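# Structural overview
For reference, the chains in residue letters:
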Amino acid sequence: MGRVYTLVNQKGGVGKTTTAINLGACLARMDQKVLLVDIDPQANATSSLGVEKHSVKGGTYATLLGESLSSAQVLHNPRLQLSILPSSPDLAGAEVELVNELGRESRLLHAIAPLVDRYDYILIDCPPSLGLLTVNGLMAARDGVLIPVQCEYLALEGLGELMRTVKRVQVALFPSLHVRGVILTMFDHRTHLANDVVAEVKKYFKDLVFETIIPRSIRLAEAPSYGLPITAYAPGSAAAKAYESLARELLLGDGKKIPQAVERGKKLRLRRT
Ligand code: ATP
Ligand code: MG
């Protein structure tokens, strides 16, 4: 059975989408079958893979509103070996449209249930809010929540509120909901502040913090405009290596083996440089 993780942080611009795309792409390169699920009406994950969000028919909007999920709604990028259940701007209306619906918090959970056996990893990209869409993301996070935290001023602000929301969902609806890990993003080694944030986050979340820290990199910001993850846009860059390392950490933590070809490639690269 596949693992389902939800990337969540109600703070905007902390690297949820960038991590979903690039972690997903790296896992795919490690022979994992990966599905991204975009539940953000901004549809940034959808656009970042080169899918025109206004042309999406169905996608997560229709899925949340009860249309049964057909494989036609899942788009596959053969070059990247990455699949996506795309979002579209009309998803913004879903929170209002679902408000009087029974079981509104677990629409996504039930919708993706038939897909869980078909993938090794399902990564759900949430919007920057703690509304109904994010609650659906939390309810579907069978194997835990991944929290990207930006190594910037006020990084910790809002994390208390996020943890209280996780707790509320856990107590009321989903007792085994838990944090799988915290991912430090946009680290700039030149600033003292970034180091302070790392120390603070580690003090708060302890060994839930992934060892891999994602550096600030202009290449990561550029890649989506080419519809590519960092591993295709700037392979060999520090940012690509960081996401590869994060994928490796996640796989090993999940008790999976790193495919031998990937390990061999790593050794070859190391020898050459
Ligand atoms: P939102 O809450 O709006 O969905 P988000 O948490 O998904 O935002 P991203 O969209 O991943 O955040 O990142 C915000 C911006 O920062 C984007 O322009 C992205 O390209 C850029 N970015 C993300 N990670 C990095 C990084 N490590 N280095 C430099 N730029 C980055
Ligand atoms: Mg996003």
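Just so we're clear, the structure is a prediction, and the values are computed from it rather than from any experiment.

## Here we look at the pairing of strand β1 (residues 3–7)
- Taking burial as the measure, the 5 residues of β1 include 4 buried ones, the bulk of the element.
- Bridge count for β1 against strand β5 (residues 121–125) is 5 bridges, and the pairing is parallel. The residue of β5 that forms the bridge with T6 is I124.
- Where β1 lies against strand β6 (residues 145–150), 2 bridges are found, and the strand directions are parallel. Across the sheet, residue T6 finds its bridge partner in β6, namely V145.

## Structural notes on the packing of aromatic side chains
- Summed over the entire model, instances satisfying the criterion amount to 3 aromatic pairs.
- Measuring from ring centre to ring centre gives 6.2 Å for Y5 and Y121, while their planes differ by 25°; the resulting arrangement is stacked. One end of the pair, Y5, is in strand β1; the other, Y121, is in strand β5, with 116 residues separating them in the sequence. For the pair Y5 and Y121, one class covers both residues: buried.
- On the basis of an interplanar angle of 25° and a centroid distance of 5.0 Å, the ring pair of Y226 and Y233 is categorised as stacked.
- Seen from the ring of Y119, K33 lies directly overhead, with NZ or CZ sitting 4.9 Å from the centre.

## Points about the pairing of β5
- With 5 of 5 residues buried, β5 is to be regarded as a mostly interior element.
- Pairing geometry for strand β2 (residues 34–38) and β5, over 5 bridges, is parallel. Within the sheet, the bridge partner assigned to V37 lies in β5 and is I124.

## Focus on the site of ligand 1
- The full set close to ligand 1 counts 18 residues, and K16, T17, T18, P215 and S217 are the nearest of them.
- Within the backbone of G13, an N or O atom sits 3.0 Å from an oxygen atom of ligand 1.
- Protein contacts shield 81% of the accessible area of ligand 1, which totals 630 Å² for the unbound molecule.
- For ligand 1, the cavity whose grid points lie within 2 Å of the majority of its atoms is the largest pocket.
- Those elements giving two or more residues to the shell around ligand 1 turn out to be α1 (16–29), β8 (209–215) and α9 (218–222).
- For the shell around ligand 1, the leading source of residues is α1, giving 3 residues.

What counts, and where the lines are drawn
- Residues numbered from 1 in each chain as written.
- Chains lettered and ligands numbered in written order.
- Predicted model: local features only at pLDDT ≥ 70, side-chain atom pairs only at ≥ 80, totals over all residues.
- Heavy atoms only, no water.
- Buried < 20%, exposed > 50% of the residue type's maximum accessible area, 1.4 Å probe, protein only.
- Helix = DSSP H or I, 4+ residues; strand = E, 2+ residues; numbered from the N terminus.
- Pairing = 2+ DSSP bridges.
- Phe/Tyr/Trp six-rings, centres within 6.5 Å; stacked < 30°, edge-to-face > 60°.
- Lys NZ or Arg CZ within 6 Å of the ring centre and 35° of its normal.
- Near = heavy atom within 4 Å.
- Polar contact = N/O pair within 3.5 Å; in protein donor to acceptor, adjacent residues only side chain to side chain.
- Areas by Shrake-Rupley, 256 points an atom, 1.4 Å probe, with all protein chains shown as cover.
- 1 Å grid on protein atoms, 1.4 Å probe; cavity = no way out; pocket = protein on both sides within 12 Å on 5 of 7 lines; lining within 4 Å.
- Sits in = over half its atoms within 2 Å of the grid points.

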